[in-house]
Amino acid sequence: MTTPPWRVTPAGIEVRVRATPRGGRDALDGVEIRDDGAAVLKVRVRAAPEDGAANAAIRDVLRRALGLPASAVTLAAGATARIKLFRIAGDGPALAERLHSLTGETPAGRA
């Protein structure tokens, strides 16, 4: 079992995302284990990485997948990098379960 690309926090969850701008569609694209062993949630968006458009599109994909308002999802790190960290406010264990159901990845702390 690998560690999923998210972790539950007191305020919700943090999700490590690998962005694919100009990806042809807006969608979650599963979980990938990188060469360094870290897991990332792959998110593909149609938007180009210009003027924050791709970051906004990734935020929208995450909020729609989790059924949350836009204000619940914030970019915490990696504004210009391919690997980003998003913070998602809400019930952390429930959000982790939802991501698990969408990706098939086991939530942190579960077997």
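Higher on the page you've got the structure.
This text gives an overview of the structure that appears in the document. As the structure is a prediction and not an experimental result, all values here were calculated from the model. (Residues numbered from 1 in each chain as written. Predicted model: local features only at pLDDT ≥ 70, side-chain atom pairs only at ≥ 80, totals over all residues. Heavy atoms only, no water.)

**What to know about the overall build of the protein chain**
Counting secondary structure elements, the protein chain contains two helices and six strands. Counting from the amino terminus, helix and strand elements in the protein chain follow one another as β-β-β-β-α-β-β-α. The globule rule puts the C-alpha radius of gyration for 111 residues at 13 Å, and the 13 Å found for the protein chain is close to it. Projected onto the principal axes, the alpha-carbon positions of the protein chain cover approximately 40 × 30 × 20 Å. Taken across its 111 residues, the protein chain has 38% of its residues classed as buried. Put simply, of all contacts in the protein chain between residues at least 6 apart along the chain, 53% involve residues at least 24 apart. As displayed, the protein chain has an accessible area near 5900 Å², and 48% of this comes from carbon and sulfur atoms. Separation of charge centres in the protein chain, based on 17 positive and 12 negative side chains, amounts to 2 Å. (Helix = DSSP H or I, 4+ residues; strand = E, 2+ residues; numbered from the N terminus. Rg over C-alpha atoms; globule rule 2.2 N^0.38 Å. Buried < 20%, exposed > 50% of the residue type's maximum accessible area, 1.4 Å probe, protein only. Contact = heavy atoms within 4.5 Å. Areas by Shrake-Rupley, 256 points an atom, 1.4 Å probe, with all protein chains shown as cover. Lys, Arg positive; Asp, Glu negative; His and termini not counted. Charge placed at Lys NZ, Arg CZ, Asp CG, Glu CD.)

**Brief notes about the side chain of glutamate 14**
Among the secondary structure elements, glutamate 14 is positioned in strand 2 (residues 12–20). In this structure glutamate 14 comes out as buried when scored by relative accessible area, which is 11%. Here the side chain of glutamate 14 touches arginine 87 through a polar contact of 2.8 Å, side chain to side chain. Dropping the residues within four chain positions of it, glutamate 14 is found in contact with Pro5, Trp6, Arg7, Thr9, Leu85, Phe86 and Arg87. (Polar contact = N/O pair within 3.5 Å; in protein donor to acceptor, adjacent residues only side chain to side chain.)

**Thoughts on the pairing of strand 6 (residues 83–89)**
Burial along strand 6 is one-sided: Lys84, Phe86 and Ile88 are buried, while Ile83, Leu85, Arg87 and Ala89, pointing the other way, are not. Direction of pairing for strand 2 relative to strand 6: antiparallel, over a ladder of seven bridges. Paired with valine 17 across the bridge in strand 6 is lysine 84. In this sheet, strand 6 lies alongside strand 5 (residues 73–77) in antiparallel orientation, the contact comprising four bridges. Note on strand 6: the bridge partner recorded for valine 73 is isoleucine 88. Linking strand 5 back to strand 6 in an antiparallel pair, the connection comprises five residues, with glycine 78 at a positive phi of about 90°. (Pairing = 2+ DSSP bridges.)

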